[in-house]
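Here is how the chains run, residue by residue.
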Amino acid sequence: MNSTDGQSSVATATIVMAEKQKPLGICDHCGDPIPAGDWYTTKHRPRLYCSVDCRNAANARAGGPKIAQKNRERMARGEWRNPHHLNPLPQIVID
Ligand SMILES: [Zn+2]
């Protein structure tokens, strides 16, 4: 193992941390200012979003194309099923 190259030889999956897009102190999602005391996380990384809602929305939008691509591949393979048919609504009998 070469420990001088600065790369981990253990990790097989590459995890790419999101880089800050907007300037420090500006939310990457909504563009609103982040309070001055919160510009950095407790891990000393630049805070990307002003709130949990912005973080969730940004993560969901970032993941949407990947989910859509996976679904298109499932459809091409004939594996995709309409989720509607997986959990049918219970039949309500009115007498
Ligand atoms: Zn925000």
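> I tried to follow the overall build of the protein on my own but got confused; where do I start?
For the protein, the count of helices and strands is two helices and zero strands. Within the protein, the fraction of its 95 residues that count as buried is 7%.

> Please explain helix α1 (residues 52-77) as it appears in this structure.
Spacing of three or four residues puts side chains on the same side of an α-helix, whose turn is 3.6 residues. The end-to-end C-alpha distance of α1, which contains 26 residues, comes to 37 Å, matching closely the 38 Å that a straight helix rising 1.5 Å per residue would cover. Along its length, α1 shows its largest kink, about 35 degrees, at G64, and proline P65 lies within four residues downstream of that point. Where burial is concerned, little of α1 is hidden: zero out of the 26 residues are buried. Just beyond α1, the residue with positive phi is G78, at close to 80 degrees.

> Mind showing me how you'd approach unusual backbone geometry here?
Peptide bonds are, in most cases, trans, and in most cases residues other than glycine have a negative phi. Phi at H44 takes a positive value of approximately 65 degrees, unusual for a residue other than glycine. Mapped onto the elements, H44 comes out in the segment before α1. For H44, a count of 6 C-beta atoms within 10 Å translates into the label exposed.

Thresholds applied
The residue count restarts for each chain, going from 1 along the sequence in the order it is written. The predicted nature of this model means local features are confined to residues of pLDDT at least 70 and side-chain atom pairs, given and counted, to a pLDDT of 80 or more, with totals for whole chains, interfaces and linings taken over all residues. Secondary structure is summarised from DSSP: a helix means a run of H or I of at least four residues, a strand means a run of E of at least two, and numbering begins at the N terminus for each. Counting other C-beta atoms within 10 Å of its own, a residue is labelled buried from 20 upward, exposed at 12 or fewer, and partly exposed in the gap between, with every C-beta atom placed from the backbone. The span you would expect from a helix comes to 1.5 Å times its residue count less one. Take the seven residues that end at a residue and the seven that start at it, fit an axis to each, and the angle between those axes is the bend at that residue.

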